[in-house]
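Residues per chain, in single letters:
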Amino acid sequence: MSKFIDVLSEKFSAFGVSDAFDILLLASFLFLTYRFVRRRRAFPILVGVLVFVALERGSAALGYTAFNSILAPFKVPGVLMLVLIFQSDIRAFLEKIGNFFIKIFRYIRAGIFPYAGEYEIEAVKNAVMRLSSKKSGALIVLERNTGVADIVQKGVKLDAKISIELICNLFFAPAPLHDGAIIISGKRITAAGCFLPSYSNADLDPSFGSRHRAAIGMSLSSDAEVIVISEEDGKISHAIDGQLERGIDEEKLVKILRGYFLGVKKKNPKNKAGKKSK
């Protein structure tokens, strides 16, 4: 018994802070990975692969050479197969990690440059309010972390500085691009005349027009925010994460724009797309 205690004391005496941190990192990574994949459709496949790996390692350790010779050749193809099966899941997982660090960078940038983006906020706000007062229909997409290059390619590329005059002219009724959406990426208008993926659902409020449906569809297919101006009544709406808030005022619009241009944390709208707004 004393020898066993001596062995344990020797092992733990060499156990340093870096080793504890290493174990903590590994445990955190495994826990987050499990949480991410447990509700995925491919999760049973992952379990099957892990069983396969356990059998291969176990047979090698026990010296079952005949059984192990059958499993061993599939190790490398098995890893490639795993990557192919979980391709979309791995991409989504890496995207979440990337988005997390992008948000941190934006908060740091907002702290260092607190007034950067004020001009763009004022320009977009004034343009939206002017279009709203004239009941000019409009769709303004605020691109975030998820790229919308496929949408931009189908429109007219601009790469222009944000200004009230440009936004209003793009949505002027006789203009050839007024029916499409404009894409704002950072502090530039990257494209205009873009057609967004529409959203169709039987439970959707029938009063939603094509612009509102396109805004919901865009917010579902990406993390972008969409500002909508109704051509019928001039009301301003805001779509994010598949939810649409209708009839927002100037104060709420400024909060949304500050959240986008300055990285200020935003709150999701309360009205879901499938529910009728009062």
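Above this text is the structure in question.
All values derive from a computational prediction rather than experimental measurement. (Residues numbered from 1 in each chain as written. Predicted model: local features only at pLDDT ≥ 70, side-chain atom pairs only at ≥ 80, totals over all residues. Heavy atoms only, no water.)

Draft legend 1. Molecular detail of the overall build of the chain. Counting its secondary structure elements, the chain contains 11 helices and seven strands. Put simply, the chain has 278 residues, and 36% of those count as buried. Residue pairs at least 24 apart in sequence account for 66% of intrachain contacts in the chain once pairs closer than 6 positions are excluded. By element, 63% of the accessible surface of the chain is carried by carbon and sulfur atoms, the whole surface being about 17500 Å². (Helix = DSSP H or I, 4+ residues; strand = E, 2+ residues; numbered from the N terminus. Buried < 20%, exposed > 50% of the residue type's maximum accessible area, 1.4 Å probe, protein only. Contact = heavy atoms within 4.5 Å. Areas by Shrake-Rupley, 256 points an atom, 1.4 Å probe, with all protein chains shown as cover.)

Draft legend 2. Geometry of the packing of helix H7 (residues 118-133) against helix H11 (residues 250-261). At their nearest, the axes of H7 and H11 sit 10 Å apart, and the two run at 145 degrees to each other. Crossing angle aside, the handedness with which H7 passes H11 is right-handed. Facing H7, whose interface residues are Glu118, Glu120, Ile121, Val124, Lys125, Val128 and Met129, H11 presents Glu250, Leu253, Val254, Leu257, Arg258 and Phe261. Tallied by class, the residues present in the contact of H7 with H11 amount to eight nonpolar, no polar and five charged. (Axes fitted to C-alpha atoms, helices over the stretch in contact; angles between N-to-C directions. Left-handed = near helix turned anticlockwise from the far one by under 90°. Nonpolar A, V, L, I, M, F, W, Y, C, P; charged D, E, K, R; others polar.)

Draft legend 3. Structural context of the environment of Asp241. Structurally, Asp241 can be placed in the loop between strand S6 (236-240) and strand S7 (243-246). C-alpha of Asp241 to C-alpha of Ser219: the two residues are 22 residues apart in sequence and 5.1 Å apart in space.

Draft legend 4. Main features of unusual backbone geometry. The backbone of Lys135 sits at a positive phi, close to 55 degrees, despite the residue not being glycine. When you line up the elements, Lys135 lands in the loop between H7 and strand S1 (138-143). Here the phi dihedral of Asp241 falls at roughly 55 degrees; this positive angle occurs in a residue that is not glycine. The partly exposed category is assigned to Asp241, whose relative accessible area is 44%.

Draft legend 5. The nonpolar core, seen in detail. Membership of the largest hydrophobic core comes to 29 residues, with the highest contact counts inside it found for Ile140, Ile167, Ile182 and Ile184. For this core, the secondary structure elements donating two or more residues are H7, S1, helix H9 (164-170), strand S3 (181-185), strand S4 (188-194), strand S5 (225-229) and H11. Element by element, the count of residues in this core is highest for H7, at six residues. Leaving out residues up to four positions away in the same chain, Ile184 has contacts with Val124, Ile140, Val141, Leu142, Glu143, Ile162, Ile189, Tyr260 and Phe261. The next biggest cluster of nonpolar side chains, apart from the first, holds 22 residues, and it includes Val152, Cys194, Ala214 and Val228. (Core = buried A, V, L, I, M, F, W, Y, C linked by side-chain atoms within 4.5 Å.)

Draft legend 6. Expanded view of the pairing of S7. With four bridges joining them, S6 and S7 adopt antiparallel strand pairing. Bridging across to S7, His238 finds its partner in Glu245. Hairpin remark: S6 followed by S7, antiparallel, with two residues in the connecting loop; positive phi at Asp241, about 55 degrees. (Pairing = 2+ DSSP bridges.)

Draft legend 7. Structural detail: the pattern of salt bridges. Following the criterion strictly, the structure yields eight salt bridges and no others. Close ionic contact of Arg211 with Asp179 constitutes a salt bridge, the shortest N to O distance being 4.0 Å. Highlighted residues: Arg211 in helix H10 (residues 210-221) and Asp179 in the loop between H9 and S3, separated in sequence by 32 residues. Its relative accessible area of 47% is what places Asp179 among the partly exposed residues. Glu231 is the partner of Arg211 in a salt bridge, and the nearest nitrogen-oxygen pair spans 3.1 Å. You can see Arg211 sitting in helix H10 and its partner Glu231 sitting in the loop between S5 and S6, a full 20 residues away along the chain. (Salt bridge = Lys/Arg side-chain N within 4 Å of Asp/Glu carboxyl O.)

Draft legend 8. Fine view of the packing of aromatic side chains. On inspection of all chains with the given rule, the structure shows one aromatic pair. Ring centres of Tyr260 and Phe261 lie 4.9 Å apart, and the angle between their planes is 80 degrees; this geometry places the pair in the edge-to-face category. Residues Tyr260 and Phe261 agree in their burial class; the two are buried. The aromatic ring of Tyr119 is capped on one face by Lys161, whose charged end is 5.0 Å from the ring centroid. (Phe/Tyr/Trp six-rings, centres within 6.5 Å; stacked < 30°, edge-to-face > 60°. Lys NZ or Arg CZ within 6 Å of the ring centre and 35° of its normal.)

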